Amino acid sequence: MDKNVTEKVIAGVAEDQIDWGEKNAVKETSSWSDTLLKSAHCGLPIPVTVTDPLQCSLIKGECLYFHYGCDGQDDRGWGCGYRTVQTMASWLSHNWPPPPPGGQCKPPPSLPEIQQALVAMEDKPGSFSGSREWIGTFEAALVLDYFYDIPCKVAHVRGGGAELERVAVAELHLHFQKHGSPVMMGGDRDNSSKGILGVCTGDEGSYLLIMDPHYYGCPLEREELQTRGWVAWKRVSSLDQCSFYNLCLPQSVIQGQA
């Protein structure tokens, strides 16, 4: 979450309308690469008509869908930022840098490891370890640099539709074309962390490809996850127009473009 506001709405859906999947929640921790859905956005149609002037920019490579409770830890209400960081880390583990022949990908850090790293960097006090305190885009940048030695750019976007369309959309197009990695987005009024996997612009406005970490329950198939809206294209205009937003953009380099 980004800033101290209790989560009332998640991805534009009221809490009492969300299927938290409590009866089917993951109970035991398994290998992250074996149990989590890969490339959950694949197969989604572009959100604009083919007659529109079209610019679409997407992540390059694969990432995993981390969400509430996916490792057996119930982090509902505070863990969305951690889960988005883990999704970003899953992309880095496969794509940054490529493992040597016979080498292994570095797995995404667990929630306790993320907290311990922030304490080790002296960004947080010792009491932060084992707490239920959220993290935002600034902490995400520190964590990714700590575990993967990759710098991150944190871009601030003031509230309002014009700023979101003009600044955020342009920043995201440039990022996906140059760096190709997932982005973390969070704000103040809209304090729900979001993973951004793409941006698409037509003559009627822009859309973000959002991977929402707030799902809690057993693993879903790709089609069901998309149908329920946990991975979906969302209009930029549907974001909170009174909230500012921060973007955490890993400065990875697409192979062959260094």
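This section reports on the structure supplied with the text. (Residues numbered from 1 in each chain as written. Predicted model: local features only at pLDDT ≥ 70, side-chain atom pairs only at ≥ 80, totals over all residues. Heavy atoms only, no water.)

A look at the overall build of the chain
Phase 1: If you tally the helices and strands in the chain, you get six helices and nine strands.
Phase 2: Evaluated residue by residue, the chain yields a buried proportion of 51% over its 258 residues.
Phase 3: Counting contacts in the chain only where the partners sit at least 6 residues apart, residues at least 24 apart contribute 75% of the total.
Phase 4: Summed over its atoms, the accessible surface of the chain is roughly 11,900 Å², and 51% of this surface lies on carbon and sulfur atoms. (Helix = DSSP H or I, 4+ residues; strand = E, 2+ residues; numbered from the N terminus. Buried < 20%, exposed > 50% of the residue type's maximum accessible area, 1.4 Å probe, protein only. Contact = heavy atoms within 4.5 Å. Areas by Shrake-Rupley, 256 points an atom, 1.4 Å probe, with all protein chains shown as cover.)

What about the pattern of salt bridges?
Phase 1: Per the stated rule, a full pass over the model turns up twelve salt bridges.
Phase 2: A salt bridge links Asp-75 to Arg-83; the nearest nitrogen and oxygen atoms lie 2.9 Å apart. For the pair formed by Asp-75 and Arg-83, the shared burial category is buried.
Phase 3: A salt bridge links Lys-124 to Glu-139, with the nearest nitrogen and oxygen atoms 2.9 Å apart. Separated by 15 residues along the polypeptide, Lys-124 in the loop between α3 (111-120) and α4 (137-148) and Glu-139 in helix α4 bring together distant segments of the chain.
Phase 4: The exposure class of Glu-139 is buried, given its relative accessible area of 11%.
Phase 5: One network of salt bridges, with partners in common, ties together Asp-71, Asp-75 and Arg-83. (Salt bridge = Lys/Arg side-chain N within 4 Å of Asp/Glu carboxyl O.)

Concerning the state of the cysteines
Phase 1: Across all of its chains, the model carries one disulfide by this definition.
Phase 2: Shown here is the disulfide that connects Cys-56 with Cys-200, its sulfur atoms set 2.2 Å apart. Given an S-S torsion of about -55°, the disulfide between Cys-56 and Cys-200 has left-handed geometry. Remark: Cys-200 occurs in strand β6 (residues 194-202) and Cys-56 occurs in strand β3 (residues 55-58); sequence separation between them is 144 residues.
Phase 3: Relative accessible area serves as the criterion here: at 0%, Cys-200 is assigned to the buried category.
Phase 4: In this structure Cys-63 is a free cysteine whose sulfur lies 8.9 Å from that of Cys-42, the closest cysteine sulfur available.
Phase 5: Given a relative accessible area of 1%, Cys-63 falls into the buried group.
Phase 6: Unpaired in this structure, Cys-152 has its nearest cysteine sulfur neighbour in Cys-248, at a distance of 4.0 Å. (Disulfide = S-S within 2.5 Å.)

Remarks on empty space enclosed by the protein
Phase 1: Scanning the entire structure with this criterion turns up one cavity of 30 Å³ or more.
Phase 2: Looking at the largest cavity, its volume works out to about 40 Å³.
Phase 3: As for the largest cavity, its lining consists of Phe-66, Arg-83, Thr-84, Thr-87, Gly-195, Met-211 and Pro-213.
Phase 4: The biggest single contributor to the lining of the largest cavity is helix α2 (residues 80-95), with three residues.
Phase 5: A breakdown of the residues in the lining of the largest cavity according to their chemical character gives three nonpolar, three polar and one charged. (1 Å grid on protein atoms, 1.4 Å probe; cavity = no way out; pocket = protein on both sides within 12 Å on 5 of 7 lines; lining within 4 Å. Points joined across faces, edges and corners; volume = space filled by probe spheres on them. Nonpolar A, V, L, I, M, F, W, Y, C, P; charged D, E, K, R; others polar.)

Regarding unusual backbone geometry
Comment: phi is negative for the bulk of residues other than glycine, and the bulk of peptide bonds are trans.
Phase 1: The residue Glu-122 is not glycine, and still its phi comes out positive at about 65°.
Phase 2: In this structure, Glu-122 sits in the loop between α3 and α4.
Phase 3: In this structure, Asp-149 is a non-glycine residue whose phi angle is positive, near 55°.
Phase 4: Secondary-structure assignment places Asp-149 in the loop between α4 and β4 (152-157).

Concerning α2
Every α-helical turn comprises 3.6 residues, leaving residues that sit three or four positions apart pointing alike.
Phase 1: The terminal C-alpha atoms of α2, which comprises 16 residues, lie 23 Å apart, in line with the 22 Å expected from a rise of 1.5 Å per residue.
Phase 2: With 15 of 16 residues buried, α2 is to be regarded as a mostly interior element. (Expected span 1.5 Å × (residues − 1).)

By themselves, these are just geometric observations and shouldn't be taken as functional.
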